[in-house]
Amino acid sequence: MRTGSRVLLVLLLPVWGSAAAHNGDLTVRPTCKPGFSEEDYTAFVSQNIMEGQKLLKVKFNNCAGNKGVRYETNSLDFKVRADGTMYAAHQVQMPSKQLILMLTAWDPETLGRWEAIVRFLVAEKSQHNGHKPKGRKTMPGELAQQQSDTLLPWRQHQSANGLRRQKRDWVIPPINVPENSRGPFPQQLVRIRSDKDKEIHIRYSITGVGADQPPMEVFSIDPVSGRMYVTRPMDREERASYHLRAHAVDMNGNKVENPIDLYIYVIDMNDNRPEFINQVYNGSVDEGSKPGTYVMTVTANDADDSTTANGMVRYRIVTQTPQSPSQNMFTINSETGDIVTVAAGLDREKVQQYIVIVQATDMEGNLNYGLSNTATAIITVTDVNDNPPEFTTSTYSGEVPENRVEVVVANLTVMDRDQPHSPNWNAVYRIISGDPSGHFTIRTDPVTNEGMVTVVKAVDYEMNRAFMLTVMVSNQAPLASGIQMSFQSTAGVTISVTDVNEAPYFPTNHKLIRLEEGVPTGTVLTTFSAVDPDRFMQQAVRYSKLSDPANWLNINATNGQITTAAVLDRESDYIKNNVYEATFLAADNGIPPASGTGTLQIYLIDINDNAPELLPKEAQICEKPNLNVINITAADADIDPNVGPFVFELPSVPSAVRKNWTITRLNGDYAQLSLRIMYLEAGVYDVPIIVTDSGNPPLYNTCIIKVKVCPCDENGDCTTIGAVAAAGLGTGAIIAILICIIILLTMVLLFVVWMKRREKERHTKQLLIDPEDDVRDNILKYDEEGGGEEDQDYDLSQLQQPETMDHVLNKTPGVRRVDERPIGAEPQYPIRPVIPHPGDIGDFINEGLRAADNDPTAPPYDSLLVFDYEGSGSTAGSVSSLNSSSSGDQDYDYLNDWGPRFKKLADMYGGGEED
């Protein structure tokens, strides 16, 4: 049972694998793998082979159309054509029954090499006249089977010495089995027997692929009779040949004969259509190509035997769309599949694409017996620059204002019938005449291909009122051979320049003049005039100052004459590097007005107008000479040569100066002041010194230097007591000053303590006094109750005691708007002064009202407003005894001074008695 299952599995697997392979061909195209279709090719040949005789056709695919593939063999007697057909290079006499060759395919582009084995088997003719059935061509391999179905591979030859075995004295011819046989199966192929079977019982068996190796049990043999069978239909496309070995053993398994080779070849049947590698091929050819120009190659493969007519594919063109200008614009090589042009007249501007249906038929193209398939070849006619661009009109015009750049003046339109947005269509414009200064350029619009004449250099109406340009257009790509430029590729462009009001300009800007400082007011410095470039407009130019930092200059509004309005001082802070700079404005009266600016630079030449100043202003020296000296120098606001060297000297008056002091010159800028006498009393002395510069004429200045003369220590430094003594204060004076300072500090301290105490008393004093102690009538402020009966729209809950006091405690200091006693620190409310003042009460209430108005927590209606908390146990008496109608001699006229809020009260009490 287990054996039967195994046999059934072996029989089903090849069938399922074959079906899967066919289904795969229909749905998924396998990845191309370059190489030969078979690793081992076998062909039957005659003993004598004529020159040029075709022997075998191999199938090779490099996955790139087999372009440039070359074939080579290791024998000079045989050659291979480009389509894989092997033929005899000359007449060949086969030297043996079998010839094995090595075939090599070489791809020069990828440098790849692939090899396959080719076997030529010589078929022997039978010595007896065999009978061949009618209508069937005798195959070389069948010659040995026509005389008998029994093979005696182990024949014995008789000799004088008896029987002897001749091993492998002849080659068993291959056994040919047609594919797709309908049976019945098992079908007998041949019978193998040994001539020893008459002497002993022999058992026969076969081994090899197809017998005991996968695919297993394709062939079987009767172990007793030696009849060999095929058990199922053969498929040459699945496997083209089988190599088996036949064995003969006795009943004990001992070898009786040596194994013999059996070659079984599956005879091809035309059961496969040619299949194109691609269903759609894309190719291209330039328009105007000559007949015979290569376009593309289509390739169809036939799974049948390529050495027979079953696998020999031929190509033809079925239809061509469109059939313009001819219905046969292309032809195809029937063997190679190369499509070439056959007629002239390809014009992309008329027909941009052809669709060609190509048919591949096996049986060498026999439409009656062969199988066919079709594919589509799409041939695109590529553009060449055979149409020069042409202007749509011969003249163009435009207008541009002067002094404008990057302005498009005119658009040049062209027509080009070549492929849009390609180098053959893209226009390139050039100005060939009319613009020697390079004012214009022509840029190409990438979308419309128009030429945009653009101003790149400003034009001047006063120089050129119009331009006449000659422009030429061409393509990025050169014209095709034999195509000439059209006369319409040039055109004229007229550009008019319009005049605009240009601003006046100063010819020399910045203008530099030189003069000495100190020139008097009203001096004419120069004429700073501007030029109006609008020569054809009668316009007036007016001048004004734009920048004059020191306000030293005036300019004539009509002619631009510059005069001084003040004395120019080189030492002024407005001078930078001896140069004073002012800016002026020149404006015309055009429409619209235009203006220009000019800068005037005045270089001021220094004069000796500044006397030198002595440095330092203060110094100190010891009361005894030769211990130290004072180094003095001078500073002069002028510049060379109106500065040093300086001359330092002491005046002759008063005479004590030269008596007590002396000056020693060090160099042109420095000198030393020292004591002339042996001792000078400590104190501060004003020593006059005359300093003279080197200007022409020289200026001098008498400067005072304060010299402190003090006692010095051994190092020549003034002592502390000496410094005080030098200041002119004695010991008594110093003590008096210290006592005054102490008294002053004490008074300040007492005043501060008194102010603190007074402030404390003011805070502790009650706001309202007891009316029994005050003989004056007072207005006691209790609260503001709101708007009376007319204001009834309010929430009474605001007057109730709140349950929690958190919002009161957390409230910021200021005026409260809650109706409870303050908790925590009391805020500082304004306190009314003890002495009444007409504005006291008004200011007090206004301040509280202002605080209430700015309170963000105030409700939007009248509510209880607390101005002050009077504390428990108020000194005020009961208000029930107040009588508004009481009369007295009190003067209430001062209520009129309290403001509009007390006007009603003033009218009630201060208006006098009613009539």
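Residues numbered from 1 in each chain as written. Predicted model: local features only at pLDDT ≥ 70, side-chain atom pairs only at ≥ 80, totals over all residues. Heavy atoms only, no water.

Draft legend 1. View of the overall build of the protein chain. Broken down by element type, the protein chain carries 7 helices and 54 strands. The 915 residues of the protein chain split such that 35% are buried. Taking as baseline every contact in the protein chain between residues at least 6 positions apart, the subset at least 24 positions apart corresponds to 65%. Carbon and sulfur atoms form 52% of the exposed surface of the protein chain, whose accessible area is close to 54700 Å². (Helix = DSSP H or I, 4+ residues; strand = E, 2+ residues; numbered from the N terminus. Buried < 20%, exposed > 50% of the residue type's maximum accessible area, 1.4 Å probe, protein only. Contact = heavy atoms within 4.5 Å. Areas by Shrake-Rupley, 256 points an atom, 1.4 Å probe, with all protein chains shown as cover.)

Draft legend 2. Fine view of the state of the cysteines. Applying the stated criterion across every chain yields a total of 2 disulfides. At a sulfur-sulfur separation of 1.7 Å, the disulfide partner of C32 is C63. Across the disulfide from C32 to C63, rotation about the S-S bond amounts to roughly -90°, and the bridge is consequently left-handed. On the criterion of sequence distance, the pair formed by C32 in the loop between α1 (2–27) and β1 (35–36) and C63 in the loop between β5 (60–61) and β6 (70–73) is long-range, its members being 31 residues apart. Relative accessible area serves as the criterion here: at 42%, C32 is assigned to the partly exposed category. On the basis of relative accessibility, which here comes to 35%, the residue C63 falls in the partly exposed class. (Disulfide = S-S within 2.5 Å.)

Draft legend 3. Layout of unusual backbone geometry. A cis amide bond, omega 5°, links G183 with the succeeding residue P184. Summarising the element assignment, P184 is placed in the loop between β15 (175–178) and β16 (187–194). Between P214 and P215 the backbone carries a cis peptide bond, its omega angle lying at -10°. The residue P215 is located in the loop between β17 (203–208) and β18 (219–221) in this model.

Draft legend 4. Inspection of the sheet that holds strand β36 (residues 440–444) at higher detail. Pairing is antiparallel across the open sheet formed by 3 strands, whose spatial order is β33-β37-β36. Where the open sheet ends on each side, the last strands, each with one partner, are β33 (408–412) and β36. Neighbour-to-neighbour, the strand axes of the sheet open up by a mean angle of 25°, direction not taken into account. As defined by bridge partners, β36 adjoins strand β37 (residues 451–455) across 5 bridges and the pair is classed as antiparallel. Bridged to T444 within β37 is G451. (Pairing = 2+ DSSP bridges. Axes fitted to C-alpha atoms, helices over the stretch in contact; angles between N-to-C directions.)

Draft legend 5. Expanded view of the environment of A619. In this structure, A619 sits in strand β48 (residues 618–622). For the pair A619 and V684, spaced 65 residues apart in sequence, the C-alpha to C-alpha distance is 9.7 Å. Discounting residues that sit within four places of it in the chain, A619 has contacts with I630, I705, K706, V707 and K708.

Draft legend 6. Structural view of the confidence of the model for the protein chain. Considering every residue of the protein chain, the mean pLDDT works out to 79; 77% of them sit at 70 or more. Segment residues 1–29 is flagged for pLDDT under 50; beyond a separation of four residues in sequence, or across chains, it makes 15 contacts in the model. (pLDDT = per-residue confidence, 0-100.)

Draft legend 7. Here's a closer look at the packing of aromatic side chains. Taken as a whole and judged by the stated rule, the model has 19 aromatic pairs. Judged by centre distance (5.5 Å) and plane angle (85°), the rings of F44 and Y265 are edge-to-face. Placement of the pair is F44 in strand β2 (residues 40–45) and Y265 in strand β21 (residues 255–267), with a sequence separation of 221 residues. On the basis of an interplanar angle of 70° and a centroid distance of 6.4 Å, the ring pair of F276 and Y281 is categorised as edge-to-face. Residue classification places F276 among the buried residues on the basis of a relative accessible area of 1%. Judged by relative accessible area, Y281 falls into the buried class, the value being 9%. Taken together, the ring pairs in this structure connect F36, F60, Y71 and W114 into an aromatic cluster. (Phe/Tyr/Trp six-rings, centres within 6.5 Å; stacked < 30°, edge-to-face > 60°.)

Draft legend 8. Up close: the side chain of H439. Counting through the fold element by element, H439 comes out in the loop between β35 (427–433) and β36. Relative accessible area serves as the criterion here: at 10%, H439 is assigned to the buried category. When residues no more than four places from it in sequence are discounted, the contact partners of H439 are T454, V455, V456, K457, A458, V459 and F467.

Draft legend 9. Expanded view of the pattern of salt bridges. Taken as a whole, this structure holds 16 salt bridges when the rule is applied. Of the charged contacts in the structure, one is a salt bridge between E364 and R314, with a shortest N-O distance of 3.9 Å. Residue E364 is located in the loop between β29 (353–361) and β30 (372–382), and its partner R314 is located in strand β26 (residues 314–321); the two are separated by 50 residues in the primary sequence. Judged by relative accessible area, which is 17%, R314 ranks as buried. Note that R348 and E349 form a salt bridge whose closest N and O atoms lie 3.2 Å from each other. (Salt bridge = Lys/Arg side-chain N within 4 Å of Asp/Glu carboxyl O.)

Draft legend 10. Region of interest: the pairing of β37. Burial within β37 is extensive, with 4 of its 5 residues counted as buried. Two elements, β33 and β37, share 4 bridges in a ladder whose sense is antiparallel. Looking at β37, one finds that N411 is bridged to M452. Two successive antiparallel strands, β36 and β37, enclose a turn made up of 6 residues, where N449 displays a positive phi of approximately 70°.

Draft legend 11. A look at the sheet that holds strand β23 (residues 280–286). On the basis of which strands lie adjacent, the open sheet formed by 4 strands has the order β23-β30-β29-β26 and mixed pairing. Here the strands that pair on one side only, and so sit at the sheet edges, are β23 and β26. Each neighbouring strand pair of the sheet contributes to a mean axis angle of 30°, computed without reference to strand direction. Of the pairings in the sheet, the one linking β23 to β30 comprises 7 bridges and is parallel in character. Following the sheet pairing, V285 is matched in β30 by V381.

Draft legend 12. Molecular detail of the environment of G208. Residue placement: G208 occurs in strand β17. What G208 contacts, discounting residues up to four positions off in sequence, is Q213, H243 and L244.

Draft legend 13. Highlighting a nonpolar patch on the surface. A cluster of nonpolar side chains, contributed by L744, V748, F751, V752, W754 and M755, occupies part of the molecular surface with about 590 Å² of accessible area. Following the sequence through the fold, F751 ends up in helix α4 (residues 731–764). Since its relative accessible area comes to 49%, F751 is described here as partly exposed. (Patch = residues over 30% accessible without salt bridge, like charges linked within 9 Å, V, L, I, M, F, W, Y side chains within 5 Å.)

Draft legend 14. Highlighting the environment of N328. Within the element layout of this structure, N328 appears in the loop between β26 and β27 (330–332). Setting aside anything within four residues of it in sequence, one finds N328 in contact with Q320, V342 and A343.

Draft legend 15. Geometry of the side chain of E571. Inspection of the secondary structure assignment puts E571 in the loop between β44 (561–564) and β45 (579–588). Here the side chain of E571 touches R570 through a polar contact of 3.0 Å, side chain to side chain. A polar contact of 3.2 Å, which involves the side chain of E571, links it to the side chain of N610. Here E571 is in contact with E517, D606, D609, N610, A637 and D638, once residues within four sequence places are set aside. (Polar contact = N/O pair within 3.5 Å; in protein donor to acceptor, adjacent residues only side chain to side chain.)

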